[in-house]
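One-letter residues, chain by chain:
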Protein chains: 2
Amino acid sequence: MKKFVNDPADVVAEALAGFAAAHPELRVDAAEQFVARADVPRPGKVALVSGGGSGHEPLHAGFVGAGMLDAACPGEIFTSPVPDQILAATKAVDGGAGVVHVVKNYTGDVMNFQMAAELAADEGITVETVLVDDDVAVLDSTWTAGRRGTGATLLVEKIAGALAEEGGKLAEVAAIGREVNTASASFAYALTAGTTPAAGRPGFDLPDDEIEAGVGIHGEPGRRREKLRPARDLVRSALDAILEAKPIARDDQVIVLVNGLGATPLIELYLVYGEVVTVLAERGVRISRRLVGNYVTSLDMAGLSITVTRVTGEMLRLWDAPVHTPGLRWGA
Amino acid sequence: MKKFVNDPADVVAEALAGFAAAHPELRVDAAEQFVARADVPRPGKVALVSGGGSGHEPLHAGFVGAGMLDAACPGEIFTSPVPDQILAATKAVDGGAGVVHVVKNYTGDVMNFQMAAELAADEGITVETVLVDDDVAVLDSTWTAGRRGTGATLLVEKIAGALAEEGGKLAEVAAIGREVNTASASFAYALTAGTTPAAGRPGFDLPDDEIEAGVGIHGEPGRRREKLRPARDLVRSALDAILEAKPIARDDQVIVLVNGLGATPLIELYLVYGEVVTVLAERGVRISRRLVGNYVTSLDMAGLSITVTRVTGEMLRLWDAPVHTPGLRWGA
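Residues numbered from 1 in each chain as written. Chains lettered and ligands numbered in written order. Predicted model: local features only at pLDDT ≥ 70, side-chain atom pairs only at ≥ 80, totals over all residues. Heavy atoms only, no water.

Caption draft 1: Structural view of the layout of surface pockets. Computed from the structure, the second largest pocket encloses a volume of approximately 1,300 Å³. Lining of the second largest pocket is provided by 42 residues; of these, T192 of chain A together with T192, A193, P202 and D300 of chain B occupy positions nearest its centre. Residue classes in the lining of the second largest pocket are distributed as 20 nonpolar, eight polar and 14 charged. (1 Å grid on protein atoms, 1.4 Å probe; cavity = no way out; pocket = protein on both sides within 12 Å on 5 of 7 lines; lining within 4 Å. Points joined across faces, edges and corners; volume = space filled by probe spheres on them. Nonpolar A, V, L, I, M, F, W, Y, C, P; charged D, E, K, R; others polar.)

Rendered as structure tokens:
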């Protein structure tokens, strides 16, 4: 294994220290291991908390800031944050209007966020949970009952975060988060496996000419191993899977995320986005907004995911609202 | 080779088409192969043009926009743009106040930008060239006489771009660009080589336990092959090289860029930034601003570079000025 680390056991804590130094505009609680906006709690504002295993950066800590998350809880690499950690973040951000937990659908995350929500309730904090399960590749997987949560997490956090920022109530913020999830579908390809510092070797083996179609963000198996095909064919297959799973029709407006899984050059992501444009144009689907880059990664996996979210005008308005985070930033 | 491409010969053109679709706020000239701000030429504004081989994204096309570059010319992968292409971009952006060419110090780039500047002069456009040669690892290299231009290019483009945006004159914009370059030093490590689509295999071979210290952004050899060491040791050696090469002293203010070369997870970059903070604190150097991420890449090379720029108050002010580009964005 070749990585820029010291002791593999210290990677998450040391990276969090570096993150804290790099982002003095945020508040990093090293003891409780969460990242929060500096201005929490904000009285009367619904707060958003997310988290999950580390190794998917910038998700989630990189999405903390005005217009998106109030706090994020990084677990160890590919390991859920623990309930106490989530509870501490929830208490730190609660401004009396309730807290939304955005949870990717992995068994450990679901369990630990649920436990934290119950503990928070005991302390008088109302928590609504938005479960993200957008990955249409497989039903049930290595660490998941049901569909996995992947790229749509970014859209849920951005759009629900914008509504919370402008004063949306707890039920409204949770509702639009769930609507965004329901309206989203993702499909990923891996060219290579990622390597966790603790394991020190790739999470799975792929022959030199094969790819994993429908891979998960922890390297979970997808639909099939197949021979590498031209990008235009891969994109067409991914969009077939997405459009079969979700009722996205001619003249619908969508946001598209072409997301690198960690080791894929940006030039390839742009090339792939061009193919997405071609296929969706054939289907008459209108791409209203798009994002191309590395947002929901899987350490150093070479691969990418495509997420398509059918949006309402209200979702588009909230998407366009200002966001000031390390990983996503626009608007005044 | 496993990449998301169609025909390797079409990668740059197809990626540019995808980039154009992803960034409708910019103007992409597919025939002349350059990317420009939509609002060029801006009468009376000094324009900045850069370019170089593709494969370093988001550099340079990702830095086109308000407050940074007016145009960028992507060459084929790891290949200089041609003079006609640079001339077309220069003519497209010239608003009568002259054009600054920001050129990384590689023989092909220097030659082709110089030819384009002469052709532009024939057409009545005054061009000043800012040469970037911040890589302190080696003197002379595979494609370079003198020192290579790497991470400091981002700082030159940002700071000079900000001065141009607020009305700086041609000589002033070029002067501050040169000052930023002179005040900058970079050092890189490769853990693995990148693979160009055309070659289809890694640009060089590295044993499983060795790294290339002082590597260039096209995989050019550095100072030595060495065994992998803990991140804290690698950072210390890189900063030794940087601080030996540049007179950065106690109480100096610096901007630090910890830059991924393409396949290095963000979590490792943050860990490395934490080590940079420790070492510079020992030396009494004050980090006024920092940037951690993938900005000047080398396709899918696992590796990173560290750039340190000693800044004046004026440079800091210009660094903080608004910038609205696909790859770098802040401010209203």
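Caption draft 2: Inspection of the relation of the copies chain B and chain A at higher detail. Turning chain B through 180° and shifting it by 0.0 Å along the axis lays it on chain A, with an RMSD of 0.0 Å. Seen this way, the second copy is the image of the first under a two-fold rotation axis. Residue by residue, 100% of the interface of chain B is reproduced at the interface of chain A, so both copies engage with the same surface. (Least-squares fit on C-alpha atoms with pLDDT ≥ 70 in both. Contact = heavy atoms within 4.5 Å.)

Caption draft 3: Geometry of the interface of chain B and chain A. Residue-level contacts link 59 residues of chain B with 59 residues of chain A. Between chain B and chain A, roughly 4,500 Å² of surface is buried when both sides are summed, and carbon and sulfur atoms account for 67% of that area. On the surface where chain B and chain A come into contact, there are four salt bridges. One salt bridge in this structure joins E268 of chain B and K3 of chain A, with 3.3 Å as the shortest N-O distance. Applying the counting criterion to the chain B and chain A interface returns 20 residue pairs in polar contact (both at pLDDT 80 or more). Listed by contribution, the elements that provide at least two residues to the side of chain B that touches chain A are helix 1 (11-22), strand 8 (210-213), helix 6 (231-245), helix 7 (266-283), strand 11 (286-293), strand 12 (303-310) and strand 14 (329-330) of chain B. The element best represented in the side of chain B that touches chain A is helix 7 of chain B, accounting for ten residues. (Buried area = accessible area lost by both parts, 1.4 Å probe. Salt bridge = Lys/Arg side-chain N within 4 Å of Asp/Glu carboxyl O. Polar contact = N/O pair within 3.5 Å; in protein donor to acceptor, adjacent residues only side chain to side chain. Helix = DSSP H or I, 4+ residues; strand = E, 2+ residues; numbered from the N terminus.)

Caption draft 4: Summary view of helix 3 (residues 107-122) of chain A. Residue and element names in this part refer to chain A. Taking 1.5 Å of rise per residue, 16 residues should cover 22 Å, and helix 3 covers 23 Å from first to last C-alpha, within 8% of that figure. Those residues of helix 3 that fall on the buried side of the exposure criterion are D109, N112, F113, A116, A117 and A120. All buried residues of helix 3 fall inside an arc of 140° around its axis, so they share one side. In this fold, the buried residues of helix 3 make contact with strand 3 (47-54), helix 2 (83-93), strand 5 (99-104) and strand 6 (127-132). (Expected span 1.5 Å × (residues − 1). Buried < 20%, exposed > 50% of the residue type's maximum accessible area, 1.4 Å probe, protein only. Arc of directions from axis to C-beta.)

Caption draft 5: How the structure looks around the sheet that holds strand 5 (residues 99-104) of chain B. All names here are of chain B. Ordered in space as 1-2-4-3-5-6, the six strands form an open sheet in which the pairing is mixed. This sheet does not close on itself; its edge strands, each paired only once, are strand 1 (26-29) and strand 6 (127-132). On average, each strand axis in the sheet is tilted by 20° relative to the strand beside it, whichever way the strands run. Bridge count between strand 1 and strand 2 (residues 34-37): four bridges; the pairing is antiparallel. In the strand pairing of strand 2, V28 is matched with V35. The strands touched by helix 1 within the sheet are strand 1, strand 2, strand 3 (47-54) and strand 4 (71-77), with strand 4 carrying the most contacts at an inclination of about 145°. Together, strand 3, strand 5 and strand 6 form the strand contacts of helix 5 (residues 170-182), whose direction differs from that of strand 6 by roughly 5°. (Pairing = 2+ DSSP bridges. Axes fitted to C-alpha atoms, helices over the stretch in contact; angles between N-to-C directions.)

Caption draft 6: Representation of the sheet that holds strand 7 (residues 184-190) of chain A. Residues and elements named next belong to chain A. Here six strands make up an open sheet; going across it, the order is 9-8-7-12-10-11 and the pairing mixed. The sheet terminates laterally at strand 9 (224-227) and strand 11 (286-293), the two strands that pair on one side only. The average undirected angle you get between the axes of adjacent strands in this sheet is 20°. Here strand 7 runs beside strand 12 (residues 303-310); their pairing, made up of seven bridges, is antiparallel. From the neighbouring strand, A185 faces strand 12, where its bridge partner is V308. Packed onto the sheet, helix 8 (residues 313-320) meets strand 10 (253-260), strand 11 and strand 12 and runs at close to 35° relative to strand 11.

Caption draft 7: Main features of helix 5 (residues 170-182) of chain A. Residue and element names in this part refer to chain A. End to end, helix 5 covers 18 Å across 13 residues, agreeing with the expected 18 Å (1.5 Å per residue, within 8%). Where helix 5 is concerned, the buried positions are L170, V173, A174, I176, G177, V180 and N181. The arc that holds every buried residue of helix 5, seen down its axis, measures 165°, which confines them to one face. More than 90 degrees from the buried face of helix 5, the exposed residues found are A171 and T182.

Caption draft 8: Just the packing of aromatic side chains, in detail. In this structure the tally under the stated criterion is six aromatic pairs over all chains. Ring geometry for F187 of chain A and Y189 of chain A: centres 5.4 Å apart, planes at 70°, overall edge-to-face. (Phe/Tyr/Trp six-rings, centres within 6.5 Å; stacked < 30°, edge-to-face > 60°.)

Caption draft 9: Main features of the domain arrangement of chain A. All names here are of chain A. If you check the domain split of chain A, you get domain 1 (10-183) and domain 2 (184-330). Each of domain 1 and domain 2 has a C-alpha centre, and these two points are 21 Å apart. Interface of domain 1 and domain 2: buried area, both sides summed, is about 3,700 Å²; carbon and sulfur atoms make up 68% of it. On the domain 1 side of the contact with domain 2, V136, K158 and A183 bury the most area, a combined 17% of that side's loss. Applying the counting rule to domain 1 against domain 2 returns one salt bridge. We note a salt bridge from R317 to E166, for which the minimum N-O separation is 2.7 Å. Put simply, domain 1 and domain 2 have 23 residue pairs in polar contact (both at pLDDT 80 or more) between them. If you list the elements that add at least two residues to the side of domain 1 that touches domain 2, you get helix 1 (11-22), helix 4 (152-165) and helix 5. The element best represented in the side of domain 1 that touches domain 2 is helix 4, accounting for seven residues. A class-by-class count of the residues in the side of domain 1 that touches domain 2 yields 25 nonpolar, 13 polar and nine charged. (Domains from an automatic or database assignment.)

Caption draft 10: Region of the structure containing the environment of Q253 of chain B. Residues and elements named next belong to chain B. Of note, Q253 is situated in strand 10 (residues 253-260). In sequence terms Q253 and L316 are 63 residues apart; their C-alpha atoms lie 9.2 Å from each other. When near neighbours in sequence (up to four residues on either side) are disregarded, Q253 contacts R286, S288, T309, R310, V311 and L316.

Caption draft 11: Inspection of the pairing of strand 4 of chain B at higher detail. Residue and element names in this part refer to chain B. Within strand 4, six of the seven residues are buried, which leaves it mostly tucked inside the rest of the structure. As paired strands, strand 2 and strand 4 are joined by two bridges and run antiparallel to one another. Bridge pairing in strand 4 places A36 opposite A71. When strand 3 meets strand 4, the two strands line up parallel, connected through five bridges. Of the residues in strand 4, the one forming a bridge with S54 is I77.

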